[in-house]
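Results of the structural survey
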Amino acid sequence: MAVLAQTDERPWLEELNPEQRAAATHDGGPLLILAGAGTGKTTTLCARVAWLVSSGVPSERILLLTFTRRASREMLQRARGLVPASSRVLGGTFHSVAHRLVRRHAAALGLPGGFGVLDAGDAADVLDLLREEAGHARSKTRFPKKGTLLDIYSRTVNAQQPLSGVIEEFFPWVSEHREAISALFRSYTARKRELGVCDLDDLLLYWRALAADEVIGPRLAAAFDHVLIDEYQDVNGLQVDLARSLGSHGPTVTAVGDDFQAIYGFRSASAAHILDFPEHFPGTRVVTLERNYRSTQPVLDAANALAAQAQRAFPKRLRADREGGVRPRVVWVRDEAAQAEEVCDRILEAREQGMELRSQAVLARTSHDSDLLELELTRRRVPFHKYGGLRYLEAAHVKDFVATLRLVDNGADDVAWFRVLQLVEGLGPVSARKVIAAMSGELEAVPDRLAAWASARQLVPAAARESADALIAALREARAEARPGPRAEGLRDVLAPLIRLRYPDGVLRLQDLDQLVSAAHQATDPRHFVAELVLDPPSSSADIAQPPHLDEDYLTISTIHSAKGLEWDSVHVLAVYDGNFPACMAAGTSESIDEERRLLYVGMTRAEDRLVLTRVRERHGVPTGGAQFLDELGL
DNA sequence: ATACGACGGTTTTTT
DNA sequence: ACCGTCGTAT
């Protein structure tokens, strides 16, 4: 192919620097792009997709695996902008791609056709149910709670490590319950089978099982010529297995990442995987991107100084492409209330000077760090949008609604029954349990609990019976309605009075449900509406109906985890002091301190021009002590 | 016996 | 927001 013709037809290649272009146009074996923060990683990956497509690779034979759905959407959109033919590139998270594959091979895996997908909250609810059934809830010794149980379980799956090792290394305080936990996990697996559901970890496990199959494995891989994986520093061992399986059966694998932005260790991810990539994929070409186009040098100097303190890391320095800049500032404030006022003042001041809210962000270690700031912003009527933290699907009323949707698809989902029955006033956990037991029959699991309602309803306290009847009738009607929109509407209508009664702000909460109903109207695949909701959860109620209005100016508040890959002119990082950031939970090992340090690094490198870190002197009247990370910045 | 409101202590980060 | 506990109403 003539070089001249190439650049003529692909002006976007001209805009890349030599390293970026080398990566985008690499032809041959596996490719690893080590791309520091702000070095044009997304640009390069999009250009590579566009280059592949314009070189004749059919777009549907390209698989783009990203960490979040948002990243996938953004990249596909940009690639389409460069080369319209990129429109059929298959993109998504590991989990959403797994769902597609597992769905297609459900029968081979022994799963029902319309199997459900449990999100983290649902999985925890199943574990809680089993925990209760096993009598751990009322035992003398403190037994780990559902959230901890799920964390432990997920570790064993994602790190592919036996339970005893996981407990010893990460959860030593529950070691006295090791046997009971082991038994609980066995019943968890069995229960999921009975319910005909998968949790998020199962999706990856099933994908790997398919990949390992002699017939199916090679066929899955043969569907693609190229597999591109974003944020490779955040994959775990299970995901590495998937990548390697694909790579060994045909497709060329391209991975992009930065070992110093690995911040998902708690999910069993490890930066070791990106460093092992050349070993796992023989013949790998490594391209390193170091020129930073995002930030000014003073911002990078501080980030580099922080990075240099890591116990274990591969030395690298980001060099700014842009001139000038001001030094990042550390601002001392008395307490969290003062921090809220101070940050709010500074943001408004910057807006006065012409910096729109949309080019400013407030980042925090935990979603909770911004509570007071959110109150202050609301008080002063400053519009903001919060990412991370409590998710839409985790709100109690949304879970109520989703549980009814699940019941319509799967009458055997006892976790959903347990939740939905208790919405009826006067019907509590004890009665709900009895009713479910009666509906499922003593010996044989009846797949459809609805059929046994006539007799089971006797167990409902008389005062609640009529209301429960209405709920059941609505479920029957919903089942008769195949279209997801009207179906969701019917369920919303029957839940409406119950939710208004249960929650003091019920009217507001109902509006959230309205948005879910309108999302249901637009559902492409009615059978999998709920599963897709779980895999692509809207970050807030506003995201469901439409993306936020583009003409509205609003501030972004986000956890650093949710801010990955994004950038703003001005960034505030809240509450950087020992015990909060680094979190006290991380105080134990140098690796966990390193991960906290990398997290701050990710936060700082989101800033283009202005970076302010706040340090709080006291908390609830108690002095906070040092701030290790701020001392390391060399400011 | 069961349901439920009130109260106080706790909460990392996410597909 | 969640969890466990306790007192009160049914």
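Please refer to the structure placed before this passage.
These lines cover the structure that appears in this document, whether it is placed above or below. Residue positions within a chain follow its written sequence, with the count starting from 1. Each chain gets a letter, beginning with A, and each ligand a number, beginning with 1, in the order they are written. pLDDT decides what is reported in this predicted model: residues at 70 or higher carry local features, side-chain atom pairs at 80 or more are listed and counted, and totals for whole chains, interfaces and linings draw on all residues regardless. Only hydrogens and water are set aside; all other atoms, that is, all heavy atoms of the structure, feed into the side-chain values.

1. Observations regarding the overall build of chain A
Elements are defined by DSSP. Helices are runs of H or I of four residues or more, strands are runs of E of two residues or more, and each kind is numbered from the N terminus. Each helix and strand in chain A was counted, giving 29 helices and 18 strands. Overall, the C-alpha framework of chain A stretches about 75 × 65 × 50 Å when taken along its three principal axes. Taking all 635 residues of chain A together, the buried fraction comes to 54%. Taking the contacts inside chain A whose residues are at least 6 apart along the sequence as the reference set, 76% of them involve residues at least 24 apart. All accessible areas in this document rest on Shrake-Rupley with a 1.4 Å probe, and a residue is counted as covered only by the protein chains that are shown. For chain A, the exposed surface amounts to about 28000 Å²; the carbon and sulfur share of it is 51%. On chain A, the mean spot of the 75 positive side-chain charges and the mean spot of the 87 negative ones are 2 Å from each other. Exposure is judged per residue with a 1.4 Å probe applied to protein chains only, and the accessible area is read against the type maximum: over 50% gives exposed, under 20% gives buried, and values in between give partly exposed. Only heavy atoms matter for contacts: two residues are in contact if any of them lie within 4.5 Å across the pair. Within this scheme the basic residues Lys and Arg register as positive and the acidic residues Asp and Glu register as negative, but His and the chain ends are omitted. A single reference atom marks each charge: NZ on Lys, CZ on Arg, CG on Asp, CD on Glu.

2. Quick notes on the pairing of strand E3 (residues 90–93)
The pairing of strand E2 (residues 62–66) with E3 spans 4 bridges and is classified as parallel. Within the sheet, the bridge partner assigned to Leu 63 lies in E3 and is Leu 90. The path from the first strand over the helix to the second decides the hand: if it runs clockwise while the strands point away from the viewer, the crossover is right-handed. Each parallel crossover has a hand, and for E2 linked through helix H5 (residues 69–82) to E3 it is right-handed. Here, any two strands with at least 2 DSSP bridges between them count as paired.

3. Looking at the packing of aromatic side chains
Classification of ring pairs uses Phe, Tyr and Trp, with its six-membered ring standing for Trp, and accepts pairs whose centres are within 6.5 Å; under 30 degrees between planes counts as stacked, over 60 as edge-to-face, and the remaining range as tilted. With the rule as written, the count across this model stands at 10 aromatic pairs. Judged by centre distance (5.3 Å) and plane angle (75°), the rings of Tyr 153 and Phe 185 are edge-to-face. One end of the pair, Tyr 153, is in helix H8 (residues 146–158); the other, Phe 185, is in helix H10 (residues 178–195), and 32 residues separate them in sequence. Taking the relative accessible area as the measure of exposure, Phe 185 reaches 8% and is therefore buried. Three or more aromatic residues joined by ring pairs make a cluster, and in this case those are Phe 67, Tyr 264 and Phe 266. Geometrically, a lysine NZ or arginine CZ counts as sitting over a ring once it is within 6 Å of the ring centre and also within 35 degrees of the ring normal. If you follow Arg 155 out to its NZ or CZ, it ends over the ring of Phe 170, 3.7 Å from the centre. Lys 564 extends its terminal NZ or CZ atom over the ring of Phe 67, reaching a point 5.1 Å from the ring centre.

4. Notes on the sheet that holds E3
The strand order across the open sheet formed by 6 strands is E3-E2-E6-E7-E1-E8, and the pairing between neighbours is parallel. With partners counted over all chains shown, the strands left at the sheet margins are E3 and strand E8 (285–289), one partner each. Along the sheet, successive strands turn relative to each other by an average axial angle of 15°, direction set aside. Here E2 runs beside strand E6 (residues 226–229); their pairing, made up of 4 bridges, is parallel. Bridging across to E6, Leu 63 finds its partner in Val 227. Orientation is described by lines fitted to C-alpha atoms, with helices fitted over the stretch in contact, and by angles between N-to-C directions that extend from 0 to 180 degrees.

5. With respect to the sheet that holds strand E13 (residues 384–387)
Pairing within the open sheet is parallel, and its 6 strands lie in the order E11-E16-E15-E12-E14-E13. Lying at the two open borders of the sheet, with one neighbouring strand each, are strand E11 (329–333) and E13. Neighbour-to-neighbour, the strand axes of this sheet turn through a mean angle of 20°, independent of strand direction. On top of the sheet, helix H17 (residues 371–379) reaches strand E12 (360–364), E13 and strand E14 (555–559); it is set at about 160° to E13, its chief contact.

6. Comments concerning the protein's contact with DNA strand B
Here a residue counts as near a molecule or strand whenever at least one of its heavy atoms sits within 4 Å of it. Around DNA strand B lies a shell of 28 residues, among which Arg 267, Arg 365, Gly 426, Gly 428 and Ser 431 are the nearest. Those atoms of DNA strand B that come within 4 Å of the protein belong to sugar or phosphate at a rate of 61%. A distance of 3.3 Å is found between a phosphate oxygen of DNA strand B and a backbone nitrogen or oxygen belonging to Ser 367. Those elements that place two or more of their residues in the surface near DNA strand B are helix H20 (429–440) and helix H27 (560–563). It is H20 that provides the largest number of residues to the surface near DNA strand B, a total of 4 residues. The term polar contact refers here to a pair of N or O atoms within 3.5 Å; inside protein, the definition further demands a hydrogen-donor-capable atom paired with an acceptor-capable atom, and it admits residues adjacent in sequence only when both atoms are side-chain atoms.

7. Considering the packing of helix H16 (residues 336–352) against H17
Direction vectors running N to C along H16 and H17 enclose 50°, while the axes themselves pass 8 Å from each other. Judged by the inter-axis angle, H16 sits oblique to H17. Considering how the two elements wind past one another, H16 and H17 form a crossing that is right-handed. Residues Glu 336, Ala 337, Ala 340, Glu 341, Val 343 and Cys 344 of H16 form the contact with H17, whose own contacting residues are Leu 372, Leu 373, Glu 376 and Leu 377. Across the contact of H16 with H17, the residue classes break down as 7 nonpolar, no polar and 3 charged. Roughly parallel here means an angle under 35 degrees, roughly antiparallel means over 145, roughly perpendicular means 65 to 115, and every remaining angle is called oblique. A clockwise turn of the near helix away from the far one marks a right-handed crossing, whereas an anticlockwise turn of less than a right angle marks a left-handed crossing. Gly is placed with the polar residues, together with every amino acid not listed as nonpolar (Ala, Val, Leu, Ile, Met, Phe, Trp, Tyr, Cys and Pro) or charged (Asp, Glu, Lys and Arg).

8. Quick notes on the side chain of Thr 624
Along the chain, Thr 624 turns up in the loop between strand E18 (622–623) and helix H29 (628–631). Of the polar contacts made by the side chain of Thr 624, one reaches the backbone oxygen of Val 616; its length is 2.7 Å. Not counting residues within four places of it along the chain, the set of residues in contact with Thr 624 comprises Tyr 577, Asp 578, Val 616, Arg 617, Glu 618 and Arg 619.

9. What about the nonpolar core?
Each nonpolar core is a collection of buried residues, namely Ala, Val, Leu, Ile, Met, Phe, Trp, Tyr and Cys, held together in the definition by side-chain atoms within 4.5 Å. Counting 116 residues, the largest nonpolar core has Ile 152, Ile 181, Trp 207, Tyr 232, Phe 401 and Trp 417 as its most contacted members. Contacts of Phe 401, omitting those with residues within four sequence positions, involve Ala 488, Leu 491, Arg 492, Leu 495, Leu 513, Leu 516 and Val 517. Core analysis: the second largest hydrophobic core is formed by 56 residues, Ala 269, Leu 373, Leu 574 and Ile 593 among them.

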